[in-house]
Amino acid sequence: MDEFQEILQDFLVEAFELVEKLDEDLVELESTPEDLELLNGIFRVAHTIKGASSFLNFDVLTHLTHHMEDVLNKARHGELIITPDVMDVVLESIDLMKSLLSIIRDTSSDAGVDVSECVVRLDKISGGDGDVPTPVASAPIIEATLDEPEEAKEEEDEPDYDNMSDDDVEAEIQRLLEQRQEEDKAKRAAKVAAGEEVLAPPPDPDEEAPSEPAKASKPEKKPEPKAEPIKAPVPRASTKAKSMNDDEGLDAKAAAPAKRTNNTVDQTIRVDVKRLDHLMNLIGELVLAKNRLIKINDDVEERYEGEEFLEELNQVVSIVSLVTTDLQIAVMKTRMLPIGKVFNKFPRMIRDLSRELNKKIELTIKGEETELDKSIVEEIGDPLVHIIRNSCDHGIETPEVRLANGKNETGTISLKAYNEGNQIVIQIDDDGKGLNAEILKSKALEKGLISEKEADNMGEKEAFMLIMKPGFSMAAAVTNVSGRGVGMDVVKTNIEKVNGIIDIESETGIGSSVKLKIPLTLAIIQALLVGVQEEAYAIPLSSVLETVRISKDEIYTVESRSVMRLRDDVLSLVHIGDIFEVERILDSSEHAYVVVLGLGAQKLGLIVDSLVGQEEIVIKSLGEYLKGIEGIAGATIRGDGGVTLIVDVVALMDIAKNVKATSMISDQKSESALSREKTKASDYTIMIVDDSKTDRMIMRKSLEATGMSLVEATDGQEALNILKQGDHHFDAMLIDIEMPRMDGYTLATEIKKYNRYKTMPLIAVTSRTGKSDRMRGVESGMVEYITKPYSADYLSSVVQRNVNFKSEFLS
Amino acid sequence: MSDKLKQVLSKQSKQQQNESIDQSDDIVQLVGFIIGEEEYAIPILSIQEIIKPFTWTRVPQVPKYVMGVFNLRGAVIPLIDLRLKFGLSEKKHSDETRFIVMKDRDDVAGFVIDRLTMAIRIKKGNIGPAPDTVNGDNTMIDGVGKQEDKIITILKVNKLLERDF
């Protein structure tokens with residue numbers, strides 16, 4: 001049974017592919033009914049499916065395909081003209097085939113679909129009387145094997161194969177083949193002799209006979225005699241067509257889908273997607289390691305500048321990074337599927353729709369070989385269906401209207417896919433009546449989707465995007481095709497799910513064009529890293545339009561929203577810190593950066609403190625515990641091993657609507673709260689920063705008498721760390737200028753960056769007396785300058801003055 | 001002689017079996033740790049690893065006890081402060097602070113604890129149910145382990161790893 005399952009799986013994969021192809025080819029055939037080559041190809045495909053399904057004992061499927069094959073065969077011989085009506089029935093039978101295949105996939109049996117009606121119609125078309133008994137679906141193979149030998153005997157009087165040795169079987173096969181060939185010859189002779197018209201599908205010994213002669217005899221037996229007697233003389237079916245057919249049978253056995261150009265067989269293997277996913281994960285890890293290596297290399301370069309080994313290290317790092325990038329692309333390619341897989345179903349859809357809507361629509365497809373990641377291909381199928389349905393229903397006018405407007409009676413929808421940088425663009429154009437921004441707006445108003453004010457401020461592009469809103473519909477009545485106002489919403493959701501962007505352009509009367517811009521892959525993306533305070537965030541580069549450096553007075557507040565002028569537009573702004581609740585510890589500088597995000601027609605300026613750079617990042621999920629955080633799409637691991645969150649631009653746009661403008665100038669409130677009431681001398685805390693132990697001692701001694709609390713630090717770095725920890729609240733600092741690691745000036749500059757220490761007095765205690773030194777001290781924010789040597793009283797009084805020391809505490 | 005040997009061997013193996021049954025059946029191995037003043041414990045098998053604190057990244061829009069996420073050898077893992085989760089005040093990390101990485105099936109998270117105590121072997125019989133007041137499905141307490149001089153609260157790892165916001 002396992003073996004059976006395996007065969008069944010292969011059969012299903014192949015059959016689904018073939019049916020897809022049938023669909024496509026049949027529609028093409030309708031427009032070029034004389035294309036014999038195409039017709040032959042279709043016939044072969046149908047035949048292959050029939051053969052394989054009979055081999056697996058799917059009688060209902062075999063029965064159906066057989067009758068379809070009959071019709072096709074007649075057409076092939078020119079005895080039947082393929083009219084749209086005939087095509088309807090054939091296409092209907094293809095649909096039935098699809099549902100049968102789905103049922104087989106789910107239940108391993110082909111019961112449950114009633115094909116009899118369709119078969120009757122097929123039979124009538126092919127000239128039968130429509131009296132066709134339906135076979136009972138045979139589920140498991142066991143039952144089938146039981147009656148096989150019997151049937152086999154009926155037809156060929158074959159010996160019992162089960163008891164034969166291998167050699168004997170070989171010999172028997174040989175004998176059978178020869179016998180068949182004889183028969184074929186005889187038949188061909190008969191055909192030439194009698195010119196009479198009867199159809200008989202050529203027996204296909206090559207396909208099944210070699211492996212299992214007993215079974216091969218079965219499919220032909222059951223349905224055929226009822227439709228047409230098999231031994232009857234056959235018309236002028238060309239020998240050429242027949243031999244091709246036999247070739248095809250062999251090809252099909254090698255699991256290569258029947259192709260019209262069947263001279264090259266693709267060298268492929270089927271791989272479980274899970275393995276590719278795993279491979280992709282590993283590559284992701286490698287990319288992270290590569291980023292890390294590059295960072296370390298940079299650090300090393302800085303530290304050991306000019307050393308010889310650096311060059312070697314550099315070489316290795318660049319090779320590793322190069323190979324990693326190549327490897328990543330190569331693995332990505334293994335996951336790529338041609339977009340044609342999705343496009344294939346559209347010719348059929350357009351055909352059905354145009355008949356249903358009584359419009360004349362032609363579909364042109366370009367770039368179906370463009371490749372996309374498998375997971376994305378799966379996501380874009382539905383959106384495309386909805387967009388195309390929309391174009392057919394709302395875009396393309398009826399032939400009469402088109403003629404009246406001086407257009408070609410037949411409307412054209414063109415479906416294009418092409419690469420553009422790191423993205424794939426799928427473009428759907430129609431030459432219909434186009435979108436009218438004003439009508440769209442009034443419709444949206446009517447349905448209460450937007451307010452009057454919004455409508456007034458809406459640009460043309462934004463108005464076009466209204467069709468993507470859930471609940472929006474232009475159709476006056478709900479029809480079979482559209483009008484429920486759901487479809488285009490699906491488009492938006494699905495495209496955004498794959499980080500894609502939708503762009504709509506339209507000109508009234510000329511047509512409209514929808515562009516879907518989709519990233520090549522989902523797992524690894526290019527991102528812009530931005531900094532806010534001490535945090536960093538990654539923004540997918542695909543949604544970044546540009547970055548601008550602005551000064552703070554370029555930001556205006558309109559109705560409690562921040563906005564700025566960007567060339568001729570007004571751009572609404574939001575501070576990334578307001579969205580992600582970032583604490584404003586550091587004072588932001590006079591300038592800020594605005595990252596202009598674009599999503600379709602929507603634009604938003606995101607204010608950040610700094611731009612860190614562009615980096616290739618691997619998207620990792622935050623896991624079950626933290627899933628669904630608004631505005632965060634995931635996380636990535638950076639070169640330094642830290643985690644950086646990835647911004648979800650779609651959600652961010654939504655959040656931004658509800659964020660009120662916050663002044664860029666920091667709140668003074670928090671600071672005043674910090675300077676608490678002093679009730680005793682030890683409430684005053686002073687930090688002493690000096691690298692010399694003696695100097696610290698002298699200062700300590702000078703201040704001890706006042707009773708203030710004293711904290712010591714040996715250099716600037718340590719002082720800064722103590723401040724950051726926030727264990728104490730300092731009232732003043734005594735800072736030496738010359739210190740290792742971080743000198744006094746740098747320390748003072750750093751301290752002034754913190755809002756809460758902005759007003760803290762910094763007192764320089766130094767032996768540097770030069771004028772320029774004093775100037776530098778003032779520049780970096782020092783309020784007093786005490787030169788060594790000094791008297792203990794002087795130091796104490798300076799400190800007391802600066803912290804407003806209350807004299808009553810002095811004992 | 002060989003019969004005797006067999007007897008001895010079979011006896012030994014029986015004893016061994018009995019012992020192993022004893023161990024797996026009656027003894028629970030726990031790891032104890034301190035949060036605030038209390039000692040808590042979780043089953044040793046639900047601990048993936050115990051690490052010293054290192055940098056993490058804050059995550060917005062979560063309760064305060066979710067400190068953020070950190071990188072554990074390439075995996076992004078949430079970090080939860082048990083002090084805050086248990087309603088205690090925030091405390092600076094010290095030398096004794098540890099991250100305990102716990103797992104329950106596919107769920108993994110790091111938990112900040114004040115300090116580790118020790119690995120505890122405790123008889124099942126010495127574990128009582130959680131006090132009635134905190135009983136029910138929603139409690140994080142699995143039971144109370146009695147030792148000679150103290151009692152230890154045993155926590156439910158799956159409850160700790162459950163998102164409750």
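Here the structure is a predicted model, which is why all the values come from computation and not from measurement.

Rules behind the numbers
- All chains use their own residue numbering, which begins from 1 and follows the written sequence.
- To read the labels, note that chains go from A and ligands from 1, taken in the order they are written.
- Only residues with pLDDT of 70 or above have their local features reported here, since the model is predicted, and side-chain atom pairs are shown and tallied only from 80 upward, although totals for entire chains, interfaces and linings are computed over all residues.
- Here, strands pair whenever DSSP counts at least two bridges between them.
- Segments assigned H or I by DSSP are reported as helices when at least four residues long, segments assigned E as strands when at least two residues long, and all are numbered from the N terminus.
- Angles shown run from 0 to 180 degrees and are taken between the N-to-C directions of axes, each axis being a line fitted to C-alpha atoms and, for helices, limited to the stretch in contact.
- Placing C-beta atoms from the backbone, we regard two residues as in contact once those atoms come within 7 Å.
- Nonpolar residues are Ala, Val, Leu, Ile, Met, Phe, Trp, Tyr, Cys and Pro. Charged residues are Asp, Glu, Lys and Arg, and all others, Gly as well, are polar.
- Per-residue confidence from the predictor is reported as pLDDT, a score between 0 and 100.
- The labels follow the angle: roughly parallel below 35 degrees, roughly antiparallel above 145, roughly perpendicular from 65 to 115, and oblique for the rest.
- Crossing chirality is assigned from the near helix's rotation relative to the far helix, an anticlockwise turn below a right angle marking it left-handed and a clockwise turn marking it right-handed.
- The term nonpolar core refers to a set of buried Ala, Val, Leu, Ile, Met, Phe, Trp, Tyr and Cys residues connected through C-beta atoms within 7 Å.
- Our exposure labels follow a C-beta count within 10 Å of each residue's own C-beta, placed from the backbone: buried means 20 or more other C-beta atoms, exposed means 12 or fewer, and partly exposed covers the counts in between.
- Any helix carries an expected span of 1.5 Å times its number of residues minus one.

*Asks:* I'd like to hear about the sheet that holds strand 15 (residues 602-608) of chain A, residue by residue, with values.
*Replies:* All names here are of chain A. Spatially, 10-14-15-13-12-11 is the arrangement adopted by the six strands of the open sheet, whose pairing is mixed. Looking along the sheet, the strands with just one partner apiece sit at the ends: strand 10 (544-551) and strand 11 (556-558). Strand-to-strand twist in this sheet, taken as the mean axis angle between neighbours without regard to direction, amounts to 40°. Relative to strand 13 (residues 569-575), strand 12 (residues 561-566) runs antiparallel, the two sharing five bridges. Directly across from Ser562, in strand 13, lies its bridge partner Leu573. Each of strand 13, strand 14 (591-599) and strand 15 is contacted by helix 23 (residues 649-657), which is oriented at about 110° to strand 14, the strand it contacts most.

*Asks:* Provide a residue-level description of the interface of chain A and chain B, including the pertinent values.
*Replies:* Interfaces are frequently sized by the accessible area removed from exposure as the parts join. Facing 20 residues of chain A, the contacting portion of chain B comprises 17 residues. Elements supplying a minimum of two residues to the side of chain A that touches chain B: helix 12 (273-303), strand 17 (632-637) and strand 18 (643-647) of chain A. In terms of residue count, strand 18 of chain A provides more of the side of chain A that touches chain B than any other element does, three residues in total. Tallied by class, residues from the side of chain A that touches chain B come to ten nonpolar, four polar and six charged.

*Asks:* How would you summarise the sheet that holds strand 2 (residues 361-366) of chain A if you had to cite specific residues and measurements?
*Replies:* Residue and element names in this part refer to chain A. Reading across from one edge, 2-4-5-7-6 is the order of the five strands in this open sheet, with mixed pairing throughout. Whereas interior strands pair on both sides, the edge strands pair on one side only; in this sheet they are strand 2 and strand 6 (501-507). Sheet twist, expressed as the average angle between the axes of neighbouring strands with direction ignored, equals 15°. Pairing analysis gives eight bridges linking strand 4 (residues 411-420) to strand 5 (residues 423-430), with the strands arranged antiparallel. Note that in strand 5 the partner of Ile413 across the bridge is Asp430. The sheet strands contacting helix 15 (residues 345-357) are strand 2 and strand 4, and the helix crosses strand 2 at an angle near 170°.

*Asks:* Give me the confidence of the model for chain A: which residues, what numbers.
*Replies:* All names here are of chain A. Residues of chain A with pLDDT of at least 70 account for 78%, and the chain-wide mean is 74. Throughout residues 136-158 the model reports pLDDT below 50, and contacts reaching past four residues in sequence, or to other chains, amount to 31 contacts. In this model, residues 663-675 is a region of pLDDT below 50 whose contacts with residues beyond four sequence positions or in other chains number twelve contacts.

*Asks:* Account for the pairing of strand 4 of chain A, naming residues and giving values.
*Replies:* Of the strand pairs in this sheet, strand 2 of chain A and strand 4 of chain A are connected by six bridges, and their pairing is parallel. Of the residues in strand 4 of chain A, the one forming a bridge with Ile365 of chain A is Leu415 of chain A.

*Asks:* Describe the packing of helix 2 (residues 36-55) of chain A against helix 3 (residues 59-76) of chain A, with residues and values.
*Replies:* Each packed pair of helices is defined by two parameters, the angle between the axes and the distance between the axes. Residues and elements named next belong to chain A. Contact geometry for helix 2 and helix 3: axes closest at 9 Å, N-to-C directions at 160°. By the angle between their axes, helix 2 is roughly antiparallel relative to helix 3. For helix 2 against helix 3, the interelement crossing comes out left-handed. Packed against helix 2, whose contacting residues are Leu39, Asn40, Ile42, Phe43, Ala46, His47, Ile49, Lys50, Ser53 and Ser54, the element helix 3 presents Leu61, Thr62, Thr65, His66, Met68, Glu69, Leu72, Asn73, Ala75 and Arg76 at the interface. The class makeup of the residues in the contact of helix 2 with helix 3 is nine nonpolar, eight polar and three charged.

*Asks:* Can you explain the nonpolar core? Please cite residues and give values.
*Replies:* For soluble globular proteins, nonpolar side chains are generally found buried alongside one another. If you look at the biggest cluster of nonpolar residues, it comprises 123 residues, and the most contacted ones within it are Val530, Ile539, Ile576 and Leu606 of chain A together with Val69, Met102 and Phe111 of chain B. With near-sequence residues (within four places) excluded, Val69 of chain B lies in contact with Leu622, Leu626, Ala635 and Val643 of chain A together with Trp56, Thr57, Val59, Val76, Ile77, Pro78 and Leu79 of chain B.

*Asks:* Can you lay out helix 2 of chain A for me, pointing to particular residues and giving the numbers?
*Replies:* Residue and element names in this part refer to chain A. An ideal rise of 1.5 Å per residue puts 28 Å on 20 residues; helix 2 measures up with 28 Å between its terminal C-alpha atoms. Most of helix 2 sits inside the fold, with 16 of its 20 residues counted as buried. Remark: Asn57 follows helix 2 within two positions and exhibits a positive phi of approximately 65°.

*Asks:* Could you give me a rundown of unusual backbone geometry, with the residues and numbers involved?
*Replies:* We note that Arg567 of chain A has phi near 50°; this positive angle belongs to a residue other than glycine. Inspection of the secondary structure assignment puts Arg567 of chain A in the loop between strand 12 and strand 13. Given 6 C-beta atoms within a 10 Å radius, Arg567 of chain A is considered exposed. Residues other than glycine seldom take positive phi values, yet Gln61 of chain B does so here, at roughly 60°. Inspection of the secondary structure puts Gln61 of chain B in the loop between strand 3 (47-51) and strand 4 (66-72).

*Asks:* Break down the packing of helix 25 (residues 693-704) of chain A against helix 29 (residues 792-802) of chain A for me, citing the residues and quoting the values.
*Replies:* All names here are of chain A. Where helix 25 contacts helix 29, the two axes come as close as 9 Å, and the packing angle between them is 70°. By the angle class used here, helix 25 and helix 29 are roughly perpendicular. Of the two possible hands of crossing, helix 25 and helix 29 adopt the one that is right-handed. Across the interface between the two elements, Met699, Lys701, Ser702 and Leu703 of helix 25 pack against Ala792, Leu795, Ser796 and Val799 of helix 29. In the contact of helix 25 with helix 29, the residues fall into five nonpolar, two polar and one charged.

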